[in-house]
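Spelled out from the first residue to the last, the chains are:
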Amino acid sequence: MGHEEIKTYFKSDGYLLSGMFHRPADSYFPPVVIGSHGLFSSSESPKQIELAKKCNEKGIAFLRFDHRGCGDSEGKFEEVTSLEGRRNDILSAIDIIRNRSDVSDKIGLFGSSLGGAASIIAAASTPIDTIVTYAAPIRSDTINPSLDGLSNYSQSFIDNLRFNVSDKLSNLKNILIFHCEADDVVPVSSAMEIYSIAENPKEMILFEKGDHPMNDNKHQILFIKEALMWFIKSFQI
């Protein structure tokens, strides 16, 4: 199946965000997955690019974008980065998808690391059909700052990133949770907590050993395969 890559811009709290919309060329009114990248990442995340490609092959559109202060989007990273801001970016992305006339009303979210936490609170703010997270932290104080790079930033920046999304977990359903058991940045206990509180349908896949960036190629392949199958099942296509 062919696909189109359409450069996309939209506003979120006044910031102009830059993204790429991947649309299956031969699919009429496809469902859409919206991706949210990690703290220091961007829409050029290899996980998102590969997932977008595979989704398109199965008739699912995908929007990946740079959060405010990241990549080609507006804003100074240290001044505009917060979990609330990233949630608002996702909600703005959902709005532009819902305003498109060439896609269905079925929307899923994929969030990696901080993007997972942002997707969780976005899903608590507006109806979505399904959510997939990878290495999503529940509380900022469980993140290892020396390993995640946070220790290189000012205390005010770190303070602005403090969060606890545990009160949003009971709102979750139709969620697939990925985590590496040996993740030394975000503890695997975060995934277990999400799974224990979220409503059915839900599934958790833990990669034996593995690291926070998911550098193991076997894990990457399994992640793409299982995430794609989850979206196909959730969208009933």
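Further up the page is the structure itself.
Residues numbered from 1 in each chain as written. Predicted model: local features only at pLDDT ≥ 70, side-chain atom pairs only at ≥ 80, totals over all residues. Heavy atoms only, no water.

Draft legend 1. Just the packing of helix H1 (residues 46-57) against helix H8 (residues 217-235), in detail. At a minimum axis distance of 10 Å, the contact between H1 and H8 shows a crossing angle of 50°. As judged from the angle between their axes, H1 and H8 are oblique. Along this stretch, H1 crosses H8, giving a crossing that reads as right-handed. Facing H1, whose interface residues are Lys47, Glu50, Leu51, Lys54 and Cys55, H8 presents Phe223, Ile224, Ala227, Leu228 and Phe231. Within the contact of H1 with H8, the residues separate by chemical class into 7 nonpolar, no polar and 3 charged. (Axes fitted to C-alpha atoms, helices over the stretch in contact; angles between N-to-C directions. Helix = DSSP H or I, 4+ residues; strand = E, 2+ residues; numbered from the N terminus. Parallel < 35°, antiparallel > 145°, perpendicular 65-115°, else oblique. Left-handed = near helix turned anticlockwise from the far one by under 90°. Contact = heavy atoms within 4.5 Å. Nonpolar A, V, L, I, M, F, W, Y, C, P; charged D, E, K, R; others polar.)

Draft legend 2. View of the nonpolar core. Grouped together as the largest cluster of nonpolar side chains are 45 residues, with contacts concentrated most on Ile34, Leu83, Ile97, Leu109, Ile120, Leu172 and Ile194. The set of elements that each furnish at least two residues to this core consists of strand E2 (15-24), strand E3 (32-36), strand E4 (61-65), helix H3 (83-98), strand E5 (107-112), helix H4 (114-123), strand E7 (175-180) and helix H7 (189-197). At 7 residues, H4 tops the list of elements feeding residues into this core. With residues near it in sequence (within four places) discarded, Ile120 still touches Ile131, Thr133, Ala136, Ile138, Val165, Lys168, Leu169, Leu172 and Ile194. Of all hydrophobic cores here, the second largest spans 23 residues; its members include Leu51, Phe110, Ile205 and Phe231. (Core = buried A, V, L, I, M, F, W, Y, C linked by side-chain atoms within 4.5 Å. Buried < 20%, exposed > 50% of the residue type's maximum accessible area, 1.4 Å probe, protein only.)

Draft legend 3. Region of interest: the environment of Ser146. Among the secondary structure elements, Ser146 is positioned in helix H5 (residues 145-148). Given a relative accessible area of 54%, Ser146 falls into the exposed group. The sequence separation of Ser146 and Val185 amounts to 39 residues, and the corresponding C-alpha distance is 8.6 Å.

Draft legend 4. Here's a closer look at the layout of surface pockets. There is about 360 Å³ of room inside the largest pocket. Around the largest pocket, the lining comprises 19 residues; the ones closest to its centre are Ser41, Lys47, Ser113, His212 and Pro213. Only H1, E5 and H5 provide two or more residues apiece to the lining of the largest pocket. For the lining of the largest pocket, the leading source of residues is H1, giving 3 residues. A class-by-class count of the residues in the lining of the largest pocket yields 8 nonpolar, 8 polar and 3 charged. Lining the second largest pocket are 16 residues, with Ser140, Ile143, Leu150, Ile158 and Leu161 sitting closest to its centre. Across the lining of the second largest pocket, the residue classes tally to 10 nonpolar, 3 polar and 3 charged. (1 Å grid on protein atoms, 1.4 Å probe; cavity = no way out; pocket = protein on both sides within 12 Å on 5 of 7 lines; lining within 4 Å. Points joined across faces, edges and corners; volume = space filled by probe spheres on them.)

Draft legend 5. How the structure looks around the pairing of E2. Most of E2 is tucked away: 8 of the 10 residues are buried. Examined bridge by bridge, strand E1 (residues 3-12) and E2 share 10 bridges and lie antiparallel to one another. Note that in E2 the partner of Thr8 across the bridge is Gly19. The antiparallel hairpin formed by E1 and E2 contains 2 residues in its connecting segment, where Asp13 sits at a positive phi of about 50°. Note that E2 and E4 share 4 bridges and pair antiparallel. Within E4, the residue paired with His22 across the bridge is Phe62. (Pairing = 2+ DSSP bridges.)

The analysis is restricted to geometry; functional conclusions fall outside its scope.
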